[in-house]
Amino acid sequence: MATSVMKPTTVRFDEKLKSDATGILDSIGLSLNSYLTLALKQLVNQRRVPFDLAPAPEVPNEETRRAMVLAEAKEMGLIEDDAATFDGVEDAIAYLEAL
């Protein structure tokens, strides 16, 4: 059986990222070092990144956020919904042409 030589390595993280990750890992009983070792072993064993990569969820800008709040308030009946309604396509086209 081959003996493994442990070698110290320095890894730099954003302070908040490290704090957030450490908090989550502490809650499941893993140290940051154990997690990184686990992830690296899986990378070597699977020969691929051992988890799904996904972009961060998009955060709506201020204009979109306000429109969402307004739409929800109208849906809940908190404010009057004054949006135009139509009985058919022809009515909608006539409304748009009159603008």
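Up top you'll find the structure we're talking about.
Residues numbered from 1 in each chain as written. Predicted model: local features only at pLDDT ≥ 70, side-chain atom pairs only at ≥ 80, totals over all residues. Heavy atoms only, no water.

### Quick look at the overall build of the chain
The secondary structure content of the chain amounts to four helices and zero strands. Ordering the α and β elements of the chain from the N terminus gives α-α-α-α. Burial analysis of the chain (99 residues in total) assigns 3% to the buried set. Across the chain, the mean location of the 10 positive side-chain charges is 26 Å away from that of the 17 negative side-chain charges. (Helix = DSSP H or I, 4+ residues; strand = E, 2+ residues; numbered from the N terminus. Buried < 20%, exposed > 50% of the residue type's maximum accessible area, 1.4 Å probe, protein only. Lys, Arg positive; Asp, Glu negative; His and termini not counted. Charge placed at Lys NZ, Arg CZ, Asp CG, Glu CD.)

### Some details on unusual backbone geometry
Positive phi, normally seen in glycine, also occurs at Arg47, with a value near 60 degrees. Note that Arg47 resides in the loop between α2 (32-46) and α3 (62-75).

### Regarding the pattern of salt bridges
Inspection of every chain in the model, using the stated rule, returns four salt bridges. The salt bridge involving Arg66 is made with Glu62; its shortest N-O contact spans 3.0 Å. Of this pair, Arg66 and Glu62 are both found in helix α3, four residues apart, which corresponds to roughly one turn of the helix. With a relative accessible area of 55%, Arg66 lands in the exposed category. (Salt bridge = Lys/Arg side-chain N within 4 Å of Asp/Glu carboxyl O.)

### Topic: the environment of Lys16
Structurally, Lys16 can be placed in helix α1 (residues 15-27). When its relative accessible area of 56% is taken as the criterion, Lys16 is described as exposed. Polar side-chain contacts of Lys16 include one of 2.8 Å to the side chain of Asp20. (Polar contact = N/O pair within 3.5 Å; in protein donor to acceptor, adjacent residues only side chain to side chain.)

Note that every value here comes from positions in space, so none of it alone points to a role or purpose.
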